[in-house]
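These are the residues of each chain, in order.
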Amino acid sequence: MPQTIQNVVIAGGGTAGWMTAALLRRVLSPTIRIELVESEQIGIVGVGEATIPPIQTFNQFLGIDEKAFLRETHATIKLAIKFENWKTQGDSYYHTFGAPGTTMGFCSFHHYWLKAKQAGLAQSLWDFDLNYLSCQQGKFNKINTPNPLYEMQYAYHFDSALYGQFLRKTAEQAGVVRTEGIIEHVQQDPDSGFITALQLTNGQQIQGDLFIDCTGLRGLLIQQALGVSYEDWSHWLPADSAQAVPSERFDKTLPYTRSIAHRVGWQWRIPLTHRNGNGIVYSSQYLSDDEAGQTLLNNLDTKALDTPRTIRFKTGRTDQQWCKNVVAIGLSSGFLEPLESTSIHLIQSGIVRLMKMFPNQGISQAMVDLCNAESKDEFETIRDFIILHYHVNQRDDSDFWRDMRNMAIPDRLAQKIAAFEDTAAIFNEQSDIFRDASWVQVMMGQGLDPKDYHPAADAMDNAQLMDAMQQIYKAKQQPLDKLMNHDEFIKRYTA
Ligand SMILES: Cc1cc2nc3c(=O)[nH]c(=O)nc-3n(C[C@H](O)[C@H](O)[C@H](O)COP(=O)(O)OP(=O)(O)OC[C@H]3O[C@@H](n4cnc5c(N)ncnc54)[C@H](O)[C@@H]3O)c2cc1C
């Protein structure tokens, strides 16, 4: 075990590799050498276009200019995901990054809304959410005001391959060394099993003290070399395939992702400034590749620019994200389908966790164990959130949806659903990247209808509550005048 880490080697240069390289170089002392090995011949997974708001913090920390970033990655603004046909065919709801209403007292806004609904309130929960109202109008603007009622959380849609290239420039300028080559063999210390070097096909050896596995679904170091086992979650999330195809730019780019459920699986539509990203996620147990490809092509808004490309995966995670002197970041550490756009976020949180626990005088097993426990919790809460979308459905048009509804789900998720149905309460773990408002929107959107609300909402009588609701509703409408058409915003902001 090395006493101090002097050489960090990143294997792989996809989004994960370059995000890791850029952040490590920003944080670590320049005396620590960082080298990234990647192979253009092997290439990258080349999909992944939707993100969640914490990516802004990541970019800001790297000192990235938002306008340059938007321009170079052909990015658009993402305020929400619109889920279509998920509860029943024809029904839709939004999971926005905003929060309906405002802080009103001890409990969350939705408890007050539930009470008001019983008293005859006509507006939906979403009518109190500025993100939703902006999506409806296809508008956005950066509103600079301390008023929390006008707060609008956003993320981006972007071309992740271009984002990788953008970060590559940042990282190389800051001193990261890039080596082109194919890793053929991984050398390990015969006693400790620690990785000592990567052997390339051209004979070059890349030695290091700490290795970051960013080799994607192959998991070259963590799975293949160290033999860390993979926990398979496909009994809960049976999708094992995706087909992706770009299509021509839509004449009006929407500030949200569309997730459209089909008879089996679902399709994404992501607007970029130069094209649309599309793909279908499905289980090969229920749908053939031909049918999936045809469904995808039949449901495009615009002309396909290519033929669909198939990607296979197994949903789950490696039992350890950190083993010996290898930390897995990105798809090498696990795969969760992109329903809630969480993979790039998992890269970000994995690097931040590594940075917080970065070994100084040698690798501490206690630290490794804590890191692994945190990562496990994080993956599992996201997994449960994704299962929720599938499980709570009322569709009856295929075995797929019936099986998803009838399957046994993880205990923790079953408890969360039961608690929400009984009391409208949300139990949010610390590791959960989704806030109460996210769970509420998806639970209600998928058709859960709580029997009760928190008694704190009874502190207001019906007349006071209805009055408060109308004031919040009016306040939420006010900033809409300050917003502009989303395309216009992108054009002006990035000019
Ligand atoms: C269908 C689909 C849709 C997705 N959509 C989203 C989304 O909307 N939002 C989101 O956040 N995420 C999404 N993701 C996930 C996202 O694409 C990935 O998290 C992200 O691209 C990071 O991938 P990666 O860098 O881990 O792997 P990769 O991009 O596969 O990179 C692996 C790197 O390792 C290198 N490599 C591998 N083997 C060797 C070798 N032997 N020698 C040298 N180099 C090697 C490759 O050359 C490459 O540089 C999606 C994934 C899929 C499959």
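Above this text is the structure in question.
All values reported here derive from a predicted model rather than from experimental measurement.

**Focus: the packing of aromatic side chains**
Consideration 1: Going through the model one piece at a time under the given rule, you end up with 26 aromatic pairs.
Consideration 2: Ring centres of Tyr286 and Phe400 lie 5.2 Å apart, and the angle between their planes is 80°; on these two criteria the pair is classed as edge-to-face. You can see Tyr286 sitting in the loop between strand S17 (275-282) and helix H8 (289-298) and its partner Phe400 sitting in helix H11 (residues 399-406), a full 114 residues away along the chain.
Consideration 3: A residue is classified by how much of its surface remains accessible, and Tyr286, at 26% relative accessible area, is partly exposed.
Consideration 4: Of the aromatic side chains, those joined through ring pairs into one cluster are Phe69, Phe140, Tyr154, Tyr156, Phe158, Tyr163, Phe166, Phe489 and Tyr493.

**Here's the deal with the site of the ligand**
Consideration 1: Contacts to the ligand come from 34 residues, most closely from Gly13, Val47, Ala50, Ile183 and Ile344.
Consideration 2: Here Ser39 contributes a backbone N or O atom positioned 3.0 Å from an oxygen atom of the ligand.
Consideration 3: Glu49 places a main-chain nitrogen or oxygen 3.3 Å from an oxygen atom of the ligand.
Consideration 4: Listing elements by their share of the shell around the ligand, those giving two or more residues are helix H1 (15-27) and helix H9 (343-356).
Consideration 5: When its residues are assigned to classes, the shell around the ligand shows 18 nonpolar, 13 polar and three charged.

**Some points on the pattern of salt bridges**
Consideration 1: One pass over the full model with this rule turns up 30 salt bridges.
Consideration 2: For Arg249, the salt bridge identified is with Asp487, shortest N-O distance 3.2 Å. With a gap of 238 residues between them, Arg249 in the loop between strand S14 (241-248) and strand S15 (256-261) and Asp487 in helix H15 (residues 486-493) connect regions that are remote in the sequence.
Consideration 3: Using a relative accessible area of 34% as the deciding quantity, one classes Arg249 as partly exposed.
Consideration 4: Taking relative accessible area as the criterion, Asp487 reaches 18% and is therefore assigned buried.

The rules behind these values
Residues numbered from 1 in each chain as written. Predicted model: local features only at pLDDT ≥ 70, side-chain atom pairs only at ≥ 80, totals over all residues. Heavy atoms only, no water. Phe/Tyr/Trp six-rings, centres within 6.5 Å; stacked < 30°, edge-to-face > 60°. Helix = DSSP H or I, 4+ residues; strand = E, 2+ residues; numbered from the N terminus. Buried < 20%, exposed > 50% of the residue type's maximum accessible area, 1.4 Å probe, protein only. Near = heavy atom within 4 Å. Polar contact = N/O pair within 3.5 Å; in protein donor to acceptor, adjacent residues only side chain to side chain. Nonpolar A, V, L, I, M, F, W, Y, C, P; charged D, E, K, R; others polar. Salt bridge = Lys/Arg side-chain N within 4 Å of Asp/Glu carboxyl O.

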